[in-house]
Amino acid sequence: MRRSRHIAPARLSSHVRDGEPTPADALRYLVHLPDDYDADREKLWPLVLFLHGAGERGSDIDLAAVHGPPMLADAGREFPFVLVTPQCAESSQWVAEVSTLSALLDEVVAAHRIDPARISVTGLSMGGFGTWSLAVRYPERFAAIAPICGGLWMQSAAPVRSLPVWAFHGDADDVVPISATEQIVTELQSLDADVRFTRYAGVGHDSWTETYANPEFYDWLLSHRRVDLDTEGTAR
């Protein structure tokens, strides 16, 4: 996949410098494009937004790619979607950046051939919390979500009851207890939501390595599209 570095919002690009902290109102991010992205100029591509964990915060964008799909893409894995990997500033958390993330998605969709009906989000640990929070705030943006070892702080998951969800957690996690995901899944099940929950027996905090190595995970993400949009991305 072809990797490039960007700043959102783009108008602040000249204010963000390598080796310096990222301004509070900006995000550094990576875009991985499939090798055959330019083969068909009419094709619209699915987009997967990946949110990293707390240990990858900062101003070195390469840190954002040490786990998950961007790590696999950098190692030579070819994915049939556009992969977007933002980096959270050292002093922030994803749950405080949901508006900035939504604006970042707007810029990426405007700059690339993205199918707006096939945008999904996944993340691990702090990024799992961010995945839940972003979807609760903007449920209409996503076709599916896949939070890993995350949770919600003082929020109901009810706004995502119409979204396909696949959540993951290790039952031996001593950083984010599995109860954080269990509570959300229980609420969604009570609302007859389309929610799937994978518990990893004996697994600690790292429940992402097995998840992101599983081809079924990507098949599931790509199998969903927003039912409120037609094939041209127009609201029904």
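Quantities reported herein were computed from a predicted structural model and do not represent experimental measurements.

### Topic: the overall build of the protein
At step 1: Looking only at helices and strands, the protein has six helices and eight strands in total.
At step 2: Reading the protein from its N end, one meets helices and strands in the order β-β-β-α-β-α-β-α-β-β-α-β-α-α.
At step 3: Counting only C-alpha atoms and orienting by the principal axes, one finds that the protein spans roughly 45 × 45 × 30 Å.
At step 4: Looking at the protein as a whole, 55% of its 236 residues are labelled buried.
At step 5: Within the protein, contacts between residues at least 6 apart in sequence are counted, and of these 69% link residues at least 24 apart.
At step 6: If you sum the accessible surface of the protein, you get close to 10400 Å²; carbon and sulfur atoms cover 50% of it.

### Things to note about the nonpolar core
At step 1: Judged by nonpolar contacts, the single largest core of 43 residues is most densely connected at Val84, Trp132, Phe142 and Leu188.
At step 2: Setting aside its immediate chain neighbours within four residues, Leu188 contacts Trp132, Ala157, Val160, Arg161, Val165, Ala193 and Val195.
At step 3: If you look at the next biggest cluster of nonpolar residues, it comprises 22 residues, including Phe81, Ala146, Ile148 and Trp220.

### Quick word on the sheet that holds strand β5 (residues 114-124)
Two orientations exist for strands paired in a sheet by backbone hydrogen bonds: parallel and antiparallel.
At step 1: With mixed pairing, eight strands are arranged side by side in an open sheet as β1-β2-β4-β3-β5-β6-β7-β8. The sheet terminates laterally at β1 (2-8) and β8 (195-200), the two strands that pair on one side only. Averaged over neighbouring strand pairs, the angle between their axes works out to 20° when direction is ignored.
At step 2: Alignment of β5 against strand β6 (residues 144-148), held across five bridges, turns out to be parallel. Paired with Gly123 across the two strands is Pro147, which belongs to β6.
At step 3: The strands that helix α3 (residues 126-137) touches are β3 (45-51), β5, β6 and β7 (165-170); relative to β5, the one it contacts most, it runs at about 140°.
At step 4: With respect to the sheet, helix α6 (residues 215-222) is in contact with β3, β5, β6, β7 and β8, its orientation differing from that of β6 by roughly 145°.

### Looking at unusual backbone geometry
At step 1: Along the chain, Ala8 connects to Pro9 via a cis peptide bond; the corresponding omega equals -5°.
At step 2: Relative to the helices and strands, Pro9 resides in the loop between β1 and β2 (27-33).
At step 3: Positive phi is not limited to glycine here, since Ser125 has a value of about 55°.
At step 4: Here Ser125 lies in the loop between β5 and α3.

### Considerations on the packing of aromatic side chains
At step 1: Per the stated rule, a full pass over the model turns up 13 aromatic pairs.
At step 2: Seen in terms of ring centroids, Phe168 and Phe217 are 5.8 Å apart; in terms of plane orientation they differ by 65°. Their pairing is edge-to-face. Highlighted residues: Phe168 in strand β7 and Phe217 in helix α6, separated in sequence by 49 residues.
At step 3: Judged by relative accessible area, Phe168 falls into the buried class, the value being 2%.
At step 4: Through a chain of ring-to-ring contacts, the aromatic side chains of Phe50, Phe79, Phe81, Trp166, Phe168, Tyr200, Tyr212, Phe217, Tyr218 and Trp220 assemble into a single cluster.
At step 5: Sitting above the plane of the Tyr37 ring, Arg113 keeps its charged end 4.2 Å from the centroid.

What counts and what doesn't
Residues numbered from 1 in each chain as written. Predicted model: local features only at pLDDT ≥ 70, side-chain atom pairs only at ≥ 80, totals over all residues. Heavy atoms only, no water. Helix = DSSP H or I, 4+ residues; strand = E, 2+ residues; numbered from the N terminus. Buried < 20%, exposed > 50% of the residue type's maximum accessible area, 1.4 Å probe, protein only. Contact = heavy atoms within 4.5 Å. Areas by Shrake-Rupley, 256 points an atom, 1.4 Å probe, with all protein chains shown as cover. Core = buried A, V, L, I, M, F, W, Y, C linked by side-chain atoms within 4.5 Å. Pairing = 2+ DSSP bridges. Axes fitted to C-alpha atoms, helices over the stretch in contact; angles between N-to-C directions. Phe/Tyr/Trp six-rings, centres within 6.5 Å; stacked < 30°, edge-to-face > 60°. Lys NZ or Arg CZ within 6 Å of the ring centre and 35° of its normal.

Distances and angles like these do not, on their own, reveal function.
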